[in-house]
Amino acid sequence: MGDSFHEQLVEDSAFLKAEQRLDTELVDKLILQLNRIYPQILSDKEATKFRNLDVPTSVRLGELLTNLQGKGEEACKEFYRALHLHVEEVYYSLPTRLRLRDALDPLASPHVYRQRHVMNDRGPLFFLGCFGVAVGMAILYYYSEAKVAGGSRALGMAALGLKRKAQEVLVWYTEESLMK
């Protein structure tokens with residue numbers, strides 16, 4: 001990879017400022033980590049300034065990142081250590097971490113990152129429509145079964161949209177059950 005922590009922080013800054021998982025509490029944890037463990041990196045006065053709740057979190061985070069970049073390599077390295085410690089899922093989704101992971105796996109094809117739980121792009125009304133058709137067919141089958149002993153005319157109706165072999169089997173089953 002070869003990038004210094006300072007260069008990585010410059011590259012990751014836009015991502016970190018836009019990241020929704022970094023809420024006020026997590027940003028405060030990062031600031032306190034840097035202030036308490038490494039007071040030479042973030043003094044008490046600076047920590048108080050960056051923890052001001054009157055300023056929006058994204059602005060405070062942007063100012064913190066700019067300040068750390070100005071302090072040099074060691075400050076950037078300790079920020080990454082604090083980020084890894086407190087917000088691991090954000091740390092591993094940083095652009096520089098993703099690039100490093102892809103660079104270490106030469107056999108991997110380019111990954112396409114998609115949302116996890118997307119079934120299709122048709123929306124909930126399509127699902128409800130399909131579900132309604134399935135329930136209607138089940139009710140039709142159930143009540144038709146009660147009226148006709150042993151077979152169902154719904155099977156004959158269901159055969160209309162099928163291929164020839166499946167259609168013959170369903171029609172044969174319907175005719176046979178009616179004869180009993």
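Placed above this text is the structure.
Notes on the structure in this doc start here. Keep in mind that what you see is a predicted model, and the values were worked out from it rather than measured. (Residues numbered from 1 in each chain as written. Predicted model: local features only at pLDDT ≥ 70, side-chain atom pairs only at ≥ 80, totals over all residues. Heavy atoms only, no water.)

1. A few points about the nonpolar core
Alright, step 1. Counting residues in each nonpolar core, the largest one holds 27 residues, and the members touching the most others are Leu9, Leu16, Leu22, Leu64, Leu68, Phe79 and Leu83.
Alright, step 2. Listing elements by their share of this core, those giving two or more residues are α1 (5-18), α2 (24-37), α3 (44-50), α4 (57-71), α5 (73-86) and α6 (88-92).
Alright, step 3. No other element matches α5, which puts six residues into this core.
Alright, step 4. Those residues in contact with Leu16 that sit more than four places away from it in its chain are Leu9, Leu22, Leu61, Leu65, Phe79, Leu83, Val90 and Leu94. (Core = buried A, V, L, I, M, F, W, Y, C linked by side-chain atoms within 4.5 Å. Buried < 20%, exposed > 50% of the residue type's maximum accessible area, 1.4 Å probe, protein only. Helix = DSSP H or I, 4+ residues; strand = E, 2+ residues; numbered from the N terminus. Contact = heavy atoms within 4.5 Å.)

2. Things to note about the side chain of Asp28
Alright, step 1. Structurally, the position occupied by Asp28 is in helix α2.
Alright, step 2. When near neighbours in sequence (up to four residues on either side) are disregarded, Asp28 contacts Arg51, Leu53 and Arg60.

3. Here we look at the packing of α2 against α4
Alright, step 1. Closest axis-to-axis distance for the α2/α4 pair is 10 Å, and the angle between their directions is 25 degrees. Comparing their axes, α4 and α2 come out roughly parallel. The interaxial crossing formed by α2 with α4 has left-handed handedness. Where α2 approaches α4, its residues Thr24, Val27, Asp28, Ile31 and Leu34 are matched on the opposing element by Thr57, Arg60, Leu61, Leu64 and Leu68.
Alright, step 2. Considered class by class, the residues forming the contact of α2 with α4 number six nonpolar, two polar and two charged. (Axes fitted to C-alpha atoms, helices over the stretch in contact; angles between N-to-C directions. Parallel < 35°, antiparallel > 145°, perpendicular 65-115°, else oblique. Left-handed = near helix turned anticlockwise from the far one by under 90°. Nonpolar A, V, L, I, M, F, W, Y, C, P; charged D, E, K, R; others polar.)

4. Notes on the pattern of salt bridges
Alright, step 1. A complete count under the given rule lists six salt bridges for this structure.
Alright, step 2. With a closest N to O distance of 2.8 Å, Glu11 and Arg99 form a salt bridge. With Glu11 in helix α1 and Arg99 in helix α7 (residues 95-104), the pair connects residues that are 88 residues apart, well separated along the chain.
Alright, step 3. Judged by its relative accessible area of 35%, Arg99 is partly exposed.
Alright, step 4. Of the charged contacts in the structure, one is a salt bridge between Arg81 and Glu78, with a shortest N-O distance of 3.1 Å. Here Arg81 pairs with Glu78, and both are found in helix α5, just three residues apart, close to one helical turn. (Salt bridge = Lys/Arg side-chain N within 4 Å of Asp/Glu carboxyl O.)

5. A word on the packing of α1 against α4
Alright, step 1. Axis separation between α1 and α4 bottoms out at 10 Å; the angle between their running directions is 175 degrees. Taken together, the axes of α1 and α4 lie roughly antiparallel to each other. For the pair α1 and α4, the contacting residues are His6, Leu9, Val10, Ser13, Leu16 and Lys17 in the first and Ser58, Leu61, Gly62, Leu65, Leu68 and Gln69 in the second.
Alright, step 2. Of the residues belonging to the contact of α1 with α4, the class tally is six nonpolar, five polar and one charged.

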